[in-house]
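So the chains spell out like this:
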Amino acid sequence: MTTLVDWFLVIVGQVLITVGVFCDLVASIAMLRFPNFYTRLHAATVGSIGGAFLPIVGVALVAAGADFLGSYRWFLFGASLVIAFIELLLAGAGSHALARATHRARAAPTKPLIIDQLEEDRSKGEV
Amino acid sequence: MPDLEWWVTTYLTVLMIPYLLAFLLYMVRIVKGPTLSDRVLAVDALGYDLAAFMTILTIILRSPLLIVCGVVLILWIFSLDIYVAKYLEARELGD
């Protein structure tokens, strides 16, 4: 029996998934259009938090409201929340590690950049 | 009121289209990327979005065990980040 609470959970979940898909599309366009690696980091983070964390939370809500899934509905709810939490922790940490290593190894050009104080401090031996 | 099962399945199936478009655009950056960091960053974003895609497929296909693959995919993508970061800093992969 489908109740009004089920419909509410499904609609809220679908709104979250829609916002996530929008973030994902914007991030993929920005990944193509941005000029260098350090600006593309912004696109990647929009794509991994807005484009993956939000839809997974949305899937958790949809699964909580979808009574046609039977006994698996609460399994899907819990597993989606666990995936969303792991993703929230690991996406930022991974991007930060990659950015730090790239900057230290000077592996990517910083073309439109005007001033780089981290590089100045490192060449003086302060960092 | 429409049928809940029909509504959820149709809506999520339509939402697959922009997701696939985003995957294509990420793949262009993976092929094009001028440096190693750009490629790894694009693989990173693509992998996290594939995990989200997989959780949505779980609802559409009604196969709950598919969601376990999402956890593994996220952990692999994170380990790829860490390995490439270590390679860029130390120029070796370690043990």
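All of these numbers come straight from a predicted model, not from anything done at the bench.

## A short note on the overall build of chain A
At step 1: Along its length, chain A carries 4 helices and 0 strands.
At step 2: Secondary structure elements of chain A, listed N to C terminal, follow the sequence α-α-α-α.
At step 3: Projecting the C-alpha coordinates of chain A onto the three principal axes gives extents of approximately 70 × 25 × 15 Å.
At step 4: Taken across its 127 residues, chain A has 40% of its residues classed as buried.

## Notes on the overall build of chain B
At step 1: Within chain B one finds 3 helices and 0 strands.
At step 2: What you see in chain B, going N to C, is helices and strands ordered as α-α-α.
At step 3: The C-alpha atoms of chain B give 17 Å as radius of gyration, which overshoots the globular expectation for 95 residues (12 Å, by more than 25%).
At step 4: Structurally, chain B occupies a C-alpha span of about 60 × 30 × 15 Å along its principal axes.
At step 5: Considering only contacts within chain B whose residues lie at least 6 apart along the sequence, 41% involve residues at least 24 apart.

## Brief notes about the confidence of the model for chain B
At step 1: Chain-level statistics for chain B give a pLDDT mean of 90 and a share of 97% at 70 or above.
At step 2: For this predicted complex, the interface confidence comes out at an ipTM of 0.88, alongside a pTM of 0.90.

## Here's the deal with the nonpolar core
At step 1: Core analysis: the largest hydrophobic core is formed by 57 residues, its most contacted members being Ile56(A), Ala60(A), Ala63(A) and Ala45(B).
At step 2: Counting residues per element, the ones that place at least two in this core are α1 (4–33), α2 (37–65) and α3 (73–105) of chain A together with α1 (4–32), α2 (36–61) and α3 (66–90) of chain B.
At step 3: It is α2(A) that provides the largest number of residues to this core, a total of 14 residues.
At step 4: Among residues more than four places away in sequence, those in contact with Ala63(A) are Leu69(A), Arg73(A), Leu76(A), Phe77(A), Ser80(A) and Ile59(B).

## Considerations on the interface of chain B and chain A
At step 1: Listed as interface residues are 43 residues of chain B and, on the opposing side, 53 residues of chain A.
At step 2: Breaking the side of chain B that touches chain A down by element, the ones donating at least two residues are α1, α2 and α3 of chain B.
At step 3: Here the side of chain B that touches chain A takes 16 residues from α2(B), the largest share from any one element.
At step 4: Taken together, the residues of the side of chain B that touches chain A sort by class into 30 nonpolar, 5 polar and 8 charged.

## Here's the deal with the environment of Val19(A)
At step 1: As for its position among the elements, Val19(A) is in helix α1.
At step 2: Separated by 39 residues in the primary sequence, Val19(A) and Gly58(A) place their C-alpha atoms 9.6 Å from one another.

## Overview of the packing of α2(B) against α3(B)
Residues and elements named next belong to chain B.
At step 1: Close contact between α2 and α3 brings their axes to 9 Å; oriented N to C, the two are set at 170°. Between α2 and α3, the angle is such that the two are roughly antiparallel.
At step 2: Classifying every residue of the contact of α2 with α3 by side-chain character gives 17 nonpolar, 4 polar and 2 charged.

## As for the environment of Phe23(B)
All names here are of chain B.
At step 1: Within the secondary structure, Phe-23 is located in helix α1.
At step 2: Taking the C-alpha atoms as reference, Phe-23 lies 9.9 Å from Ala-42; in sequence the two are 19 residues apart.
At step 3: In this structure, Phe-23 is in contact with Leu-46 and Asp-49, ignoring residues within four places of it in sequence.

## Details of the confidence of the model for chain A
At step 1: In this model, chain A carries an average pLDDT of 90, and 100% of its residues clear a pLDDT of 70 or more.
At step 2: The weakest mean pLDDT in chain A belongs to helix α4 (residues 117–124) of chain A at 86; the strongest belongs to α1(A) at 93.

## Brief notes about the packing of α3(A) against α2(B)
At step 1: Viewed as axis vectors pointing N to C, α3(A) and α2(B) meet at an angle of 175°, and their least axial separation amounts to 11 Å. On the basis of their axis angle, the class for α3(A) and α2(B) is roughly antiparallel. Residue-level inspection shows Leu76(A), Ser80(A), Ile83(A), Glu87(A), Ala91(A), Gly94(A), Ser95(A), Leu98(A) and Thr102(A) of α3(A) in contact with α2(B), the latter providing Ser37(B), Val40(B), Leu41(B), Asp44(B), Tyr48(B), Ala51(B), Thr55(B) and Thr58(B).
At step 2: In terms of residue class, the contact of α3(A) with α2(B) is made up of 8 nonpolar, 7 polar and 2 charged.

About the thresholds
- Residues numbered from 1 in each chain as written.
- Chains lettered and ligands numbered in written order.
- Predicted model: local features only at pLDDT ≥ 70, side-chain atom pairs only at ≥ 80, totals over all residues.
- Helix = DSSP H or I, 4+ residues; strand = E, 2+ residues; numbered from the N terminus.
- Buried ≥ 20, exposed ≤ 12 C-beta atoms within 10 Å, placed from the backbone.
- Rg over C-alpha atoms; globule rule 2.2 N^0.38 Å.
- Contact = placed C-beta atoms within 7 Å.
- pLDDT = per-residue confidence, 0-100.
- Core = buried A, V, L, I, M, F, W, Y, C linked by C-beta atoms within 7 Å.
- Nonpolar A, V, L, I, M, F, W, Y, C, P; charged D, E, K, R; others polar.
- Axes fitted to C-alpha atoms, helices over the stretch in contact; angles between N-to-C directions.
- Parallel < 35°, antiparallel > 145°, perpendicular 65-115°, else oblique.

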